[in-house]
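Next come the chains, spelled out residue by residue.
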Amino acid sequence: MTALEKATGDVVLKFEPFVLHVLCQELQDAQLLHSVAIDSGFRNSGITVGQGGKVMMAVRSTHCLEVPLSHKGKLMVSEEYIEFLIHVANRKMEEN
């Protein structure tokens, strides 16, 4: 709260979800890993094939959070709401 009170610009609370990049030897390996990731709840997962044939599988969670807290130095939310957001972000971290 002390840092927020001193802020002169915009402040955003941002939580980034889990991401795991796996270089796969073959496309079939990536497809199998993709199926496992999706079945495990990592719905933002995907496969990328590069120009050189490099197959990359990204396992991604959907647990993101981005909330503006202040604008041009003015706090836009209550301290109680910030405490709630921190609780939500910590819960998302545990789920990750």
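Treat the numbers as computed from the prediction; the structure is a model and nothing was measured. (Residues numbered from 1 in each chain as written. Predicted model: local features only at pLDDT ≥ 70, side-chain atom pairs only at ≥ 80, totals over all residues. Heavy atoms only, no water.)

### Let's talk about the domain arrangement of the chain
How big an interface is tends to be expressed through the accessible area that disappears when the partners come together. To keep it simple, the criterion reads: Where each domain begins and ends is defined by an automated method or by a domain database. It only takes one pair of heavy atoms within 4.5 Å for two residues to be counted as in contact. As a working definition, buried area equals the accessible area (1.4 Å probe) given up by two parts on being put together, with both sides summed. Criterion for a salt bridge: a side-chain nitrogen of Lys or Arg within 4 Å of a carboxyl oxygen of Asp or Glu. Polar here means any residue outside two lists: the nonpolar Ala, Val, Leu, Ile, Met, Phe, Trp, Tyr, Cys and Pro, and the charged Asp, Glu, Lys and Arg; Gly therefore counts as polar.
Split into domains, the chain comes out as domain 1 (1-17 + 63-95) and domain 2 (18-62). Once you take the C-alpha centre of each, domain 1 and domain 2 turn out to be 31 Å apart. Each partner contributes to the interface: domain 1 provides four residues, whereas domain 2 provides four residues. Buried surface at the junction of domain 1 and domain 2, both sides included, amounts to about 340 Å², of which 40% is carbon and sulfur. By the criterion of area lost to domain 2, the three top residues of domain 1 are Pro17, His63 and Cys64, representing 97% of everything that side buries. One can count zero salt bridges joining domain 1 with domain 2. In the side of domain 1 that touches domain 2, the residues fall into two nonpolar, one polar and one charged.

### Comments concerning unusual backbone geometry
Quick note on the threshold: We count a stretch as a helix when DSSP gives it H or I for four or more residues in a row; a strand needs E for two or more, and each element gets its number in order from the N terminus. Remark: exposure states derive from per-residue accessible area (1.4 Å probe, protein chains only) relative to the maximum for the residue type, with buried under 20%, exposed over 50%, and partly exposed in between.
Even without being glycine, lysine 72 reaches a positive phi, approximately 50°. Note on placement: lysine 72 falls in the loop between strand E5 (65-71) and strand E6 (74-75). By relative accessible area, which is 65% here, lysine 72 ends up exposed.

### So, the UniProt feature "domain: tRNA wybutosine-synthesizing protein" (unreviewed entry) in the chain
Under the convention used in this document: UniProt positions are given in the numbering used here, feature names are shortened, and annotations may be inferred rather than shown by experiment.
Cross-referencing UniProt, the feature "domain: tRNA wybutosine-synthesizing protein" (unreviewed entry) maps to residues 7-96 in the present numbering. Counting secondary structure, residues 7-96 comes out at 33% helix and 33% strand; the distance between its end C-alpha atoms is 30 Å.

### Quick word on the sheet that holds strand E2 (residues 19-24)
Selection criterion: Here the rule is simple: two strands pair whenever DSSP picks up at least two bridges between them. Lines fitted to C-alpha atoms define the axes, with helix axes restricted to the stretch in contact, and inter-axis angles between N-to-C directions lie between 0 and 180 degrees.
A sheet is described by the order of its strands in space; here three strands give the open sequence E2-E4-E3, paired in antiparallel fashion. Whereas interior strands pair on both sides, the edge strands pair on one side only; in this sheet they are E2 and strand E3 (46-49). Each strand axis lies, on average, 20° off the axis of its neighbour in the sheet, ignoring direction. By the bridge criterion, four bridges tie E3 to strand E4 (residues 55-60) in an arrangement that is antiparallel. Directly across from threonine 48, in E4, lies its bridge partner methionine 56. Its contacts with the sheet put helix H2 (residues 27-39) on E2, E3 and E4, and the angle it makes with E4 is roughly 5°.

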